[in-house]
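The primary structure of each chain is shown beneath.
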Amino acid sequence: MMFDTAKKRKEPPKPKPVKLSYLKASALHYLSSRTASREMLRAVLERRSKRRLQVRSLDAEIPALIETVLDEFVELGLLDDQRFAEGRRATLERKGFSKRRIELGLKLKGLDAETIRGALVDEVDEAAQARRFAERRRLGPWRKSGAVEDRYKKDLGALMRAGFSFTIAKQALAEPDEA
């Protein structure tokens with residue numbers, strides 16, 4: 001019995017087109033589970049379009065369709081950079097991040113400087129944020145194991161890498177009754 005070595009292979013399916021309806025559905029699906037900035041949603045739609053078309057770069061018409069969807073979602077109120085920035089700022093504040101780290105976090109989400117300034121209208125209490133960060137990460141006096149003195153420099157470095165100044169980091173690592 002001979003085997004046919006020249007079997008006909010199936011050709012890969014042709015990529016489906018990217019239409020306005022696909023982009024809207026994809027954007028709605030993404031926004032149904034999370035909030036996003038305009039830039040974040042643009043990146044998601046571009047990535048999904050590239051995957052659907054099986055290409056590495058998009059034609060000029062697809063980004064125009066994406067912009068149409070983004071404009072429509074902003075108009076409908078489904079996409080609001082200022083509201084997203086304020087929510088993200090509140091989340092990062094609860095985690096105990098410094099003002100500098102909050103600004104960086106908002107910038108990484110694709111927000112412009114004006115939107116970031118609008119979200120940071122309230123002054124951030126750096127000392128309270130540093131204490132919250134140290135408590136959350138169990139640094140200094142919040143460490144469970146007893147060797148606090150041995151880990152002081154590492155804890156200080158962790159706070160400084162989080163964006164706090166040396167003096168604020170030192171204050172945060174002081175005993176709670178000393179502050």
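Structure first, text after, so check above.
This is a predicted model, so every value here is computed, not measured.

## Quick word on the overall build of the protein chain
Moving on, step 1. Along its length, the protein chain carries nine helices and zero strands.
Moving on, step 2. Relative to a compact globule of 179 residues, whose C-alpha radius of gyration would be 16 Å, the protein chain shows 25 Å and is clearly more extended.
Moving on, step 3. Taken over the C-alpha atoms alone, the protein chain extends approximately 80 × 60 × 25 Å along its principal axes.
Moving on, step 4. Sorting the 179 residues of the protein chain into buried and exposed places 34% on the buried side.
Moving on, step 5. Here the analysis covers contacts within the protein chain between residues at least 6 apart in sequence; of these, 65% occur between residues at least 24 apart.
Moving on, step 6. When the accessible surface of the protein chain is summed, it comes to about 12300 Å², and 51% of that surface belongs to carbon and sulfur atoms.

## Quick look at helix H9 (residues 166-173)
Moving on, step 1. Every buried residue of H9 is listed here: Ile-168, Ala-169, Ala-172 and Leu-173. Seen end-on, H9 carries its buried residues on one side only, within an arc spanning 130°.
Moving on, step 2. Next to the buried residues of H9 lie helix H7 (126-137) and helix H8 (152-161).

## Comments concerning the pattern of salt bridges
Moving on, step 1. In the structure shown here, the tally under the stated rule is seven salt bridges.
Moving on, step 2. Here Arg-42 makes a salt bridge to Glu-39, at a shortest N to O gap of 2.2 Å. Of this pair, Arg-42 and Glu-39 both sit in helix H2 (residues 38-53), three residues apart, roughly one helical turn.
Moving on, step 3. Take Arg-42: its relative accessible area is 15%, and that puts it in the buried class.
Moving on, step 4. Classification of Glu-39 by relative accessible area gives partly exposed; the value is 38%.
Moving on, step 5. Salt bridges linked by common partners bring Arg-38, Glu-39, Arg-42, Glu-67 and Asp-71 together as one network.

Rules used in this analysis
- Residues numbered from 1 in each chain as written.
- Predicted model: local features only at pLDDT ≥ 70, side-chain atom pairs only at ≥ 80, totals over all residues.
- Heavy atoms only, no water.
- Helix = DSSP H or I, 4+ residues; strand = E, 2+ residues; numbered from the N terminus.
- Rg over C-alpha atoms; globule rule 2.2 N^0.38 Å.
- Buried < 20%, exposed > 50% of the residue type's maximum accessible area, 1.4 Å probe, protein only.
- Contact = heavy atoms within 4.5 Å.
- Areas by Shrake-Rupley, 256 points an atom, 1.4 Å probe, with all protein chains shown as cover.
- Arc of directions from axis to C-beta.
- Salt bridge = Lys/Arg side-chain N within 4 Å of Asp/Glu carboxyl O.

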